[in-house]
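Commentary on secondary and tertiary structure
So you can see what is in the structure, the chains are spelled out below.
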Amino acid sequence: MAASLRARTEPATATPEERQRAYRRFDLIVAVLLFFLFMGLYHVITILTVGDWDFWDDWKDSRWWLSFTPVVEIAMPAAILYIFWARFRLPFAATFLTLSLVVAEWINRVANMHGWAYFPLNFIWPATLIPCGLALDTTLLLTDSLLLAGIFGGFLWGVLFYLANWPLIAPFLAPVNLNGALMSIADLQGFHYIRTGTPEYIRIINRGTLRTFGQDPVYLSVAFAGFMSVVVYMAFIGVGWVFVRSQFSWLKKI
Amino acid sequence: MATLLNTTKVSDATLRSEAATGPQWISAPFIAIGCGIVAFLMVAARLYQQQYAWSAGLDATSPEFQKYWMNLLFAQFAFEAVAAAGIWGYVWFSRPRDLSHVETHEEFRRFGVFVALIFVYVFAVFWAASFFGEEDASWHQTVVRDTSFTPSHIVLFYWAFPIYIILGITAYLYGRTRLPRFAARHSLPWLIGVAGPFMLLPVVAFNEWAHSFWILEERFAAPVHWWFVIFAWSGLGLGGLLLQACDYLHELTTGRAQTYEGTGGPDHDPALDFEREAS
């Protein structure tokens, strides 16, 4: 038997001012809640998809790191951006997410990677995506279009990643000569700190072909990341749409 | 100085006004205590790791490992069983039996408790997914495992995961038993937001099964870990719940709340009115 409905006309708040206070309180609680939620979800997805490239200096190479990281990382900002923009007209989802990610990563690098596994901080610093998020959000705000934000902001997201992280990685790309072998400071750090991932590093990263200190592969990787970020953005806008539609989904029985 | 005094006067007036309109909605002390307990449990586990992981957690066949780590694992299981039974039992057996005559103010208060419970749940998810998730990488990039029950796994999979699962189901049960709208039917996004992260625990079984075959320590971003990614995405179900909560809050504060009389879900769903208005 279905339930019948009876309307209750008395509001839970007595005055408009009290109602506004309730709304503001709800907004504040939800904002903090979302920050913790994104620190958890965005971070765990990051460590399980591009984690190794973000954990270590020597993995921050001029091909995989530059291409892989922004392309994979734009998925969740795109989905959340749709929810924030389509329902709340808030143009800061990508910035909010990237900020939460960097905060979560630094907490971990200091407390666990450095504080427990004893790696030096200048070997395990996280990359930043905050400038990419700012560019994506700003494009959305200026164009008022999810499509244009995807085309221009998505491309900027991919392209800006290397530029934003260049000041961080540059000191570790300086060449050194160790017993006749030419390598970067980052390589040298990696060989001093042998990890269970070192064989994969040698297989994937430290290959002879295109193994450079920057130069041509960087431009190719950056351009590829820009184009692919646009594609992934478009796909995951759809995921955001699905989650928004779930607002209307109720199940009478399981 | 004059500005400071004026500000103080305004603040006092605001405080008096809030005091006159009743207790604070969404109790900050409730959230602080809940998150404080979660933080205490997590920090205690982290300090235990700091003390005993390197000294007694490297060889699973050693007596020290049995003493400090396997006994910790069994103690965790016992704690979690008692906590789950106690909390879920309390929420279930203390439930009001008649939701058809709930007053709007009372429903509003319960909605605040519901939001606070979700906050504590999400806070626990942060510790599990982010803090201990990456900590697991730091350990397994450094130490080759000789057991599935490593010092990082014992805390991550069998402490942090069960705690957020207990809290998530608690919040779900609370909504089902106290809030008429959520008692009449299941919220699909909220169900996804609780059941999806819960599924990370079964994925642990697959993960360890696979690790026992291939010893995939080499790369943390290995495909064997990608099942975790799929279920982590389900946490976005909370986005759909947020929209439902906004709709619910608007109804409660503007005199448009509904009472559900009878059993089962209503034929007409007021939540869908919002959909029609939006489109």
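Residues numbered from 1 in each chain as written. Chains lettered and ligands numbered in written order. Predicted model: local features only at pLDDT ≥ 70, side-chain atom pairs only at ≥ 80, totals over all residues.

**So, the overall build of chain A**
Our working rule: Strands here are runs of E lasting at least two residues and helices are runs of H or I lasting at least four, both read from the DSSP assignment and numbered beginning at the N terminus. Exposure is read from a count of other C-beta atoms within 10 Å of each residue's own; the residue is exposed at 12 or fewer, buried at 20 or more and partly exposed in between. C-beta atoms are placed from the backbone.
Scanning chain A from terminus to terminus reveals 11 helices and four strands. Its C-alpha atoms put chain A at 85 × 40 × 40 Å along the principal axes. Taking all 254 residues of chain A together, 47% fall into the buried category.

**Focus: the overall build of chain B**
Basically, it comes down to this: In this description, a residue-residue contact is defined by the distance between C-beta atoms placed from the backbone, which must lie within 7 Å.
Scanning chain B for helices and strands turns up 11 helices and two strands. In sequence order, the secondary structure elements of chain B are arranged as α-α-α-α-α-α-β-α-α-α-α-β-α. Residues classed as buried in chain B amount to 41% of the 279 residues present. Across chain B, every contact between residues at least 6 apart in sequence was considered, and the portion connecting residues at least 24 apart equals 83%.

**Things to note about the interface of chain B and chain A**
Selection criterion: If DSSP finds at least two bridges between two strands, the strands pair.
Contacts between chain B and chain A engage 74 residues on the former and 62 residues on the latter. Per-element accounting of the side of chain B that touches chain A gives the leading share, 20 residues, to helix 4 (residues 104-140) of chain B. In this sheet, strand 1 (residues 186-187) of chain B lies alongside strand 4 (residues 250-251) of chain A in antiparallel orientation, the contact comprising two bridges. Considered in strand 1 of chain B, the bridge of Trp250(A) is made with Ser187(B).

**Let's talk about the pairing of strand 2 (residues 175-178) of chain A**
One face of the sheet, then the other: side chains in a regular strand alternate in exactly this way. Residue and element names in this part refer to chain A. Two elements, strand 2 and strand 3 (residues 181-184), share four bridges in a ladder whose sense is antiparallel. When the bridges of strand 3 are listed, Leu-178 appears paired with Ala-181. Taking the residues that link successive antiparallel strands as the turn, the strand 2-strand 3 hairpin has two residues, and the phi of Asn-179 there is positive, at about 55°.

**Focus: the nonpolar core**
To keep it simple, the criterion reads: Only buried residues count toward a nonpolar core: Ala, Val, Leu, Ile, Met, Phe, Trp, Tyr and Cys, linked into one set through C-beta atoms within 7 Å.
With 135 residues, the main nonpolar core has Ala124(B) and Ala160(B) as its most contacted residues. For this core, the element with the most residues is helix 4 of chain B, which contributes 22 residues.

**Some thoughts on unusual backbone geometry**
Residue and element names in this part refer to chain A. Phi is positive for Tyr-118, which is not a glycine, with a value near 65°. Within the element layout of this structure, Tyr-118 appears in the loop between helix 5 (93-114) and helix 6 (121-124). Although it is not a glycine, Asp-144 sits at a positive phi angle of roughly 55°. Along the chain, Asp-144 turns up in the loop between helix 7 (130-143) and helix 8 (146-169). For Asp-144, a count of 11 C-beta atoms within 10 Å corresponds to the exposed category.

**A short note on helix 7 of chain A**
Residues and elements named next belong to chain A. To keep things clear, this is the line we draw: The span you would expect from a helix comes to 1.5 Å times its residue count less one.
For helix 7, spanning 14 residues, the distance from its first C-alpha to its last is 20 Å, which sits close to the expected 20 Å at 1.5 Å a residue. Among all positions in helix 7, only Cys-132, Gly-133, Leu-134, Ala-135, Leu-136, Asp-137, Thr-139 and Leu-140 are buried. Looking at the buried residues of helix 7, the elements they touch are helix 3 (64-73), helix 4 (75-88), helix 5 and helix 8. Asp-144 sits one or two positions beyond helix 7 and adopts a positive phi of about 55°.

**Remarks on the environment of Ala195(B)**
Residue and element names in this part refer to chain B. Relative to the elements of secondary structure, Ala-195 occurs in helix 7 (residues 188-198). The class for Ala-195 is partly exposed, based on 17 C-beta atoms found within 10 Å. Counting along the chain gives 26 residues from Ala-195 to Ile-169, while the straight-line C-alpha distance between them is 8.6 Å.

**With respect to the environment of Glu10(A)**
Along the chain, the position of Glu10(A) falls in the loop between strand 1 (4-8) and helix 1 (16-49). Sequence-distant contacts of Glu10(A), defined by excluding residues within four places in its chain, comprise Thr104(B) and Gly255(B).

**Quick notes on the packing of helix 4 of chain A against helix 5 of chain A**
All names here are of chain A. Under the convention used in this document: Where helices are involved, their axes are fitted lines through C-alpha atoms of the stretch in contact, as for all axes, and angles between N-to-C directions lie from 0 to 180°. Note that the term roughly parallel is reserved for angles under 35 degrees, roughly antiparallel for angles over 145, roughly perpendicular for angles of 65 to 115, and oblique for everything else. Handedness of a crossing follows from how the near helix is turned relative to the far one, being left-handed for an anticlockwise turn of less than a right angle and right-handed for a clockwise one. Amino acids outside the nonpolar list (Ala, Val, Leu, Ile, Met, Phe, Trp, Tyr, Cys, Pro) and the charged list (Asp, Glu, Lys, Arg) are all regarded as polar, and Gly is one of them.
Where helix 4 contacts helix 5, the axes come no closer than 8 Å and their chain directions differ by 135°. Considering the angle they form, helix 4 stands oblique to helix 5. Between helix 4 and helix 5 lies a crossing whose hand is right-handed. Residues Met-76, Pro-77, Ile-80, Leu-81 and Phe-84 of helix 4 pack against Ala-93, Ala-94 and Leu-97 of helix 5. Across the contact of helix 4 with helix 5, the residue classes tally to eight nonpolar, no polar and no charged.

**Considerations on the confidence of the model for chain B**
The cut-off we apply is this: Per residue, pLDDT captures the predictor's confidence, and it can take any value from 0 to 100.
The predicted model of chain B has a mean per-residue pLDDT of 86, with 84% of residues at 70 or higher. Here the complex is predicted with pTM 0.91, and the ipTM for its interfaces comes to 0.93.

**Regarding the environment of Met76(A)**
Residue and element names in this part refer to chain A. Positionally, Met-76 belongs in helix 4. A residue is classified by how many C-beta atoms lie within 10 Å of it, and Met-76, with 25 of them, is buried. When the C-alpha positions of Met-76 and Phe-38 are compared, they lie 9.4 Å apart, and in sequence the two are 38 residues distant. Contacts of Met-76, omitting those with residues within four sequence positions, involve Tyr-42, Ile-45 and Leu-97.

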